[in-house]
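Residue-level structural notes
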Amino acid sequence: MDYVQSLVEGKIDFEGQRLTGTFRDYTLIGSAIISFLFGFLSQSLRTTFILLGFSTIVLCAVVVPPWSYYNRHPIKWLPVKVEGKKA
Amino acid sequence: MYSAYQRINNIFALLSTCIFALLGAIALSSFVFTADPKGSLSIGSLKVYPGRSPHFKQLRKEYAFVNFEVHADLSPLFHWNTKQLFVYLGAEYTSADGTRNDVVIWDRIIRRKEDANLNVKGRNKYEFRDVAVSFKNVTPAHYTLKYNTMPYVGVLTYSEAARTDNAIPFPLAQERV
């Protein structure tokens, strides 16, 4: 049950979060520009929106699941202080 | 970007911004295409007959019947952002009381580039009558072929493709033959 929950939740570490943000920016803005140019050159709005939709689907596949690539920098917590020994 | 749900939300937030920017760019790109096709328009015959108004049976009104011929190749107007063209034939004249009129007497919607080469010999599609009862004392009319380019995204543009060289006077009403 915990495994299913972690899969649905899909937590990634801080470094992974930065990476997914970068991927998102480059892919969406880049594909918007490229799909405009291709559509303009081929004189077809369909080309434009197929390109944009396809690149969005690819981006979702790359960014949304918690791939292990995004979990390569886990946080190193300090060891737990054991209290009450002094007393 | 912590959980999968946040990442989906984040992607679609930026995607909506990108789509709006893209639509804006597409709307602006229509101004790059400055085709201004011209055609020819001639009026074959113009007759005026008296008739009864369908709404006021007692009233006898005068109806004009226009035979016209239109030749215009409007296919240059079709580019990636053209959805359809609305082509219409208008009659411009001034009524006896000084009102300026622009009456649409025929129109056609063109949805495909293949249909954009117009060669039409026809008669007015819509009933053509003056606001007053008769066409007496109205000025001679100019006939114009105008079109309205409808884009998928962006602004509607209006333009004129043809115009009769001389104003054509309305003949006196004749009884039905």
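An unreviewed UniProt entry lists chain B under the name Signal peptidase subunit 3, from Schizopora paradoxa. Comment text from UniProt for chain B, heading Subcellular location (unreviewed entry), reads "Endoplasmic reticulum membrane". Taken directly from UniProt, the Sequence similarities (unreviewed entry) text for chain B runs: "Belongs to the SPCS3 family."

An unreviewed UniProt entry lists chain A under the name Signal peptidase complex subunit 1, with Schizopora paradoxa given as the organism. Check the Function (unreviewed entry) section of the UniProt entry for chain A; it says "Component of the signal peptidase complex (SPC) which catalyzes the cleavage of N-terminal signal sequences from nascent proteins as they are translocated into the lumen of the endoplasmic reticulum. Dispensable for SPC enzymatic activity."

Right, let's get into helix H2 (residues 14–42) of chain A. Residues and elements named next belong to chain A. End to end, H2 covers 42 Å across 29 residues, agreeing with the expected 42 Å (1.5 Å per residue, within 8%). Three or more residues of H2 are buried, namely Gly16, Gln17, Leu19, Thr20, Gly21, Arg24, Leu28, Ser31, Ala32, Ser35, Phe36 and Gly39. The N-cap of H2, judged by a side-chain oxygen 3.1 Å from the amide nitrogen of Glu15 a few residues on, is Asp13. Following H2 by one or two positions, Gln43 adopts a phi angle in the positive range, close to 55 degrees.

Enumeration according to the criterion identifies 14 aromatic pairs over all chains in this entry. Between Tyr69 of chain A and Tyr70 of chain A, the aromatic rings sit 5.7 Å apart at their centres with planes inclined by 65 degrees, giving edge-to-face as the arrangement. Among the residues examined, Tyr69 of chain A registers a relative accessible area of 40% and is labelled partly exposed. Ring centres of Tyr93 of chain B and Phe170 of chain B lie 5.4 Å apart, and the angle between their planes is 70 degrees; on these two criteria the pair is classed as edge-to-face.

With 24 residues of chain B at the interface, the matching set in chain A holds 30 residues. Here chain B meets chain A over a buried area of about 2,300 Å², counting both sides, of which 78% is carbon and sulfur. For the pair chain B and chain A, the number of links is zero salt bridges. Put simply, chain B and chain A have eight residue pairs in polar contact (both at pLDDT 80 or more) between them.

What follows is about the nonpolar core. Among the nonpolar cores identified, the biggest contains 34 residues, and Leu74, Val87, Phe128, Tyr143, Leu145 and Phe170 of chain B are the most heavily contacted of them. When contributions to this core are tallied by element, the ones reaching two or more residues are strand E1 (39–52), strand E2 (60–73), strand E3 (82–94), strand E4 (100–110), strand E5 (117–123), strand E6 (142–151) and strand E7 (157–163) of chain B. Not counting residues up to four positions away in its chain, the partners in contact with Leu74 of chain B are Pro37, Leu85, Val87, Ile110, Ala116, Leu118, Tyr147 and Ala161 of chain B. Counting residues in hydrophobic clusters, the runner-up holds 20 residues, among them Ile12, Cys60 and Val64 of chain A together with Ile11 of chain B.

Parameters and conventions
- Residues numbered from 1 in each chain as written.
- Chains lettered and ligands numbered in written order.
- Predicted model: local features only at pLDDT ≥ 70, side-chain atom pairs only at ≥ 80, totals over all residues.
- Heavy atoms only, no water.
- UniProt positions renumbered as here; feature names shortened; annotations may be inferred.
- Helix = DSSP H or I, 4+ residues; strand = E, 2+ residues; numbered from the N terminus.
- Expected span 1.5 Å × (residues − 1).
- Buried < 20%, exposed > 50% of the residue type's maximum accessible area, 1.4 Å probe, protein only.
- Polar contact = N/O pair within 3.5 Å; in protein donor to acceptor, adjacent residues only side chain to side chain.
- Phe/Tyr/Trp six-rings, centres within 6.5 Å; stacked < 30°, edge-to-face > 60°.
- Contact = heavy atoms within 4.5 Å.
- Buried area = accessible area lost by both parts, 1.4 Å probe.
- Salt bridge = Lys/Arg side-chain N within 4 Å of Asp/Glu carboxyl O.
- Core = buried A, V, L, I, M, F, W, Y, C linked by side-chain atoms within 4.5 Å.

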